[in-house]
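Coordinate inspection notes
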Amino acid sequence: MTDTASKTSGRRIVLGHTNYGKSDIRLVKVFRNPGRHEIKELRVDVSQEGDFAAAHVEGDNTGLMATDTMRNTVYALARDRLTGSAEAFGVELVRHFLEAAPRANRVRVSMVEHLWERIEAGGKPHEHSFVRAAGERTAEVVGDEEGNFSVEAGIDDLLVLKTTNSGWAGFLRDRLTTLPETDDRILSTVVTSRWSYGGATDLDFDRLWEGIRRRILETFTDHYSPSVQFTLHRMGRAVLESFPEVERIHFSLPNRHHLLYDLERFGMENPGEVFHADAEPYGLIEGTVERSAS
């Protein structure tokens with residue numbers, strides 16, 4: 001912290017932690033392979049930490065990289081260094097900024113990848129036409145001047161639903177409880193997940209991400225779910241058992257309620273077929289599954 005030489009009630013006023021960067025850098029790269037194009041779309045945030053006190057306290061910007069330069073760097077490095085996974089590109093960006101920004105001693109690059117799938121035309125995947133896929137891929141790389149790195153990946157906005165094999169019963173009841181117990185309900189949630197690879201920077205991140213996403217989805221289907229909590233733990237455990245590269249995984253799972261619609265008032269039966277997708281306040285279940293220290 002930097003002392004501004006001011007005092008209030010005998011206590012000095014100091015500058016605390018600072019960081020700055022460029023956010024919402026929207027990057028699209030087309031890989032123009034002969035006869036078959038590929039596309040990658042990333043939203044990139046760059047944040048630098050370091051010795052920025054002079055800029056805050058004295059108005060001295062010496063040695064500070066302009067955020068405009070950060071933006072330009074992302075596009076320029078994408079030309080030759082965005083060749084595979086978002087995580088690998090993040091490592092390249094962090095290394096570059098640590099070297100190019102003299103006052104930065106720690107850099108964080110966060111990315112959201114919007115996924116695209118090929119459109120099928122005439123029963124075959126089209127060579128250069130795409131449709132937006134479900135969910136988003138996330139990645140975050142942090143590195144410092146000591147050579148320490150951490151790599152995190154994840155999934156956002158992946159809506160999943162199963163029409164049965166789920167319930168909610170045996171919970172606490174008091175005079176304010178109105179929710180009935182059930183052993184057969186629709187279970188729907190929007191998966192937001194983050195997992196850590198630790199300091200490894202040379203993994204096959206594409207293979208791992210695709211495998212982890214597939215494992216999460218498979219596990220969502222493979223059991224009777226007495227609660228979202230139970231399913232959260234089961235999915236996390238499945239990922240850690242299948243992928244030793246992962247140190248821990250966190251889930252945020254909103255309970256998207258689907259309520260059986262009352263058709264009796266119209267003289268009609270509703271044998272579990274017509275539902276109202278409720279937009280009212282929803283349950284939010286969050287948790288981390290990790291390897292023990294021992």
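Please refer to the structure placed before this passage.
Residues numbered from 1 in each chain as written. Predicted model: local features only at pLDDT ≥ 70, side-chain atom pairs only at ≥ 80, totals over all residues. Heavy atoms only, no water.

Another aspect to go through is the nonpolar core. The biggest cluster of nonpolar side chains holds 58 residues, and the ones touching the most others in it are V44, F89, W195, Y197 and I216. Examining the composition of this core, we find that seven residues originate from one element, helix α3 (residues 86–100), more than from any other. Excluding anything up to four places from it in sequence, W195 contacts V151, E152, A153, G154, I155, W209, I212, I216, V246, R248 and I249. (Core = buried A, V, L, I, M, F, W, Y, C linked by side-chain atoms within 4.5 Å. Buried < 20%, exposed > 50% of the residue type's maximum accessible area, 1.4 Å probe, protein only. Helix = DSSP H or I, 4+ residues; strand = E, 2+ residues; numbered from the N terminus. Contact = heavy atoms within 4.5 Å.)

Where helix α4 (residues 205–221) contacts helix α5 (residues 228–242), the axes come no closer than 9 Å and their chain directions differ by 140 degrees. Between α4 and α5, the crossing angle belongs to the class labelled oblique. You can see that α4 and α5 cross each other, and the crossing is right-handed. Within the contact between the two elements, α4 uses I212, R215, I216, T219 and F220 and α5 uses T231, R234, M235, A238, V239 and S242. Across the contact of α4 with α5, the residue classes tally to six nonpolar, three polar and two charged. (Axes fitted to C-alpha atoms, helices over the stretch in contact; angles between N-to-C directions. Parallel < 35°, antiparallel > 145°, perpendicular 65-115°, else oblique. Left-handed = near helix turned anticlockwise from the far one by under 90°. Nonpolar A, V, L, I, M, F, W, Y, C, P; charged D, E, K, R; others polar.)

Turning to the pattern of salt bridges, a few remarks are in order. The full count for this structure, using the stated rule, is 23 salt bridges. The residue R79 makes a salt bridge to D80 at a minimum N-O spacing of 3.3 Å. Of the residues examined, D80 reaches a relative accessible area of 58% and is grouped as exposed. Between D206 and R137 there is a salt bridge, with its nearest N and O atoms 2.9 Å apart. Within this pair, whereas D206 is found in helix α4, its partner R137 is found in strand β6 (residues 124–144), the two being separated by 69 residues in sequence. Because the salt bridges share partners, they merge into one network encompassing K40, E87, E113, R137 and D206. (Salt bridge = Lys/Arg side-chain N within 4 Å of Asp/Glu carboxyl O.)

Bringing empty space enclosed by the protein into the picture now. Scanning the entire structure with this criterion turns up one cavity of 30 Å³ or more. In this structure, the largest cavity spans a volume of roughly 30 Å³. Every element with two or more residues in the lining of the largest cavity is listed here: β8 (187–198) and α5. Looking at the lining of the largest cavity element by element, the count peaks at three residues for α5. Grouping the amino acids of the lining of the largest cavity by side-chain chemistry returns five nonpolar, two polar and no charged. (1 Å grid on protein atoms, 1.4 Å probe; cavity = no way out; pocket = protein on both sides within 12 Å on 5 of 7 lines; lining within 4 Å. Points joined across faces, edges and corners; volume = space filled by probe spheres on them.)

With respect to the secondary-structure elements, T83 resides in the loop between α2 (67–81) and α3. Residue classification places T83 among the exposed residues on the basis of a relative accessible area of 62%. The sequence separation of T83 and G154 amounts to 71 residues, and the corresponding C-alpha distance is 20 Å.

Our focus in this paragraph is the environment of S193. Of note, S193 is situated in strand β8. In sequence terms S193 and S252 are 59 residues apart; their C-alpha atoms lie 6.3 Å from each other. Setting aside anything within four residues of it in sequence, one finds S193 in contact with T138, A153, G154, I155, I216, I249, H250 and F251. At 3.0 Å, the side chain of S193 forms a polar contact with the backbone oxygen of H250. (Polar contact = N/O pair within 3.5 Å; in protein donor to acceptor, adjacent residues only side chain to side chain.)

Strand order across the open sheet formed by eight strands is β3-β4-β5-β6-β7-β8-β9-β12, with antiparallel pairing between neighbours. Two strands in the sheet have a free side with no partner beyond their single neighbour: β3 (19–33) and β12 (284–290). On average, each strand axis in the sheet is inclined to that of its neighbour by 20 degrees, with strand direction left out of account. Across eight bridges, β6 lies against strand β7 (residues 149–162) in antiparallel orientation. The residue bridging E140 from the neighbouring strand is E152, located in β7. Most of the contacts of α2 go to β3, to which it runs at about 20 degrees, and overall it touches β3 and β4 (36–50). This element, α5, spans β8, β9 (248–254) and β12 of the sheet and lies at about 30 degrees to β12. (Pairing = 2+ DSSP bridges.)

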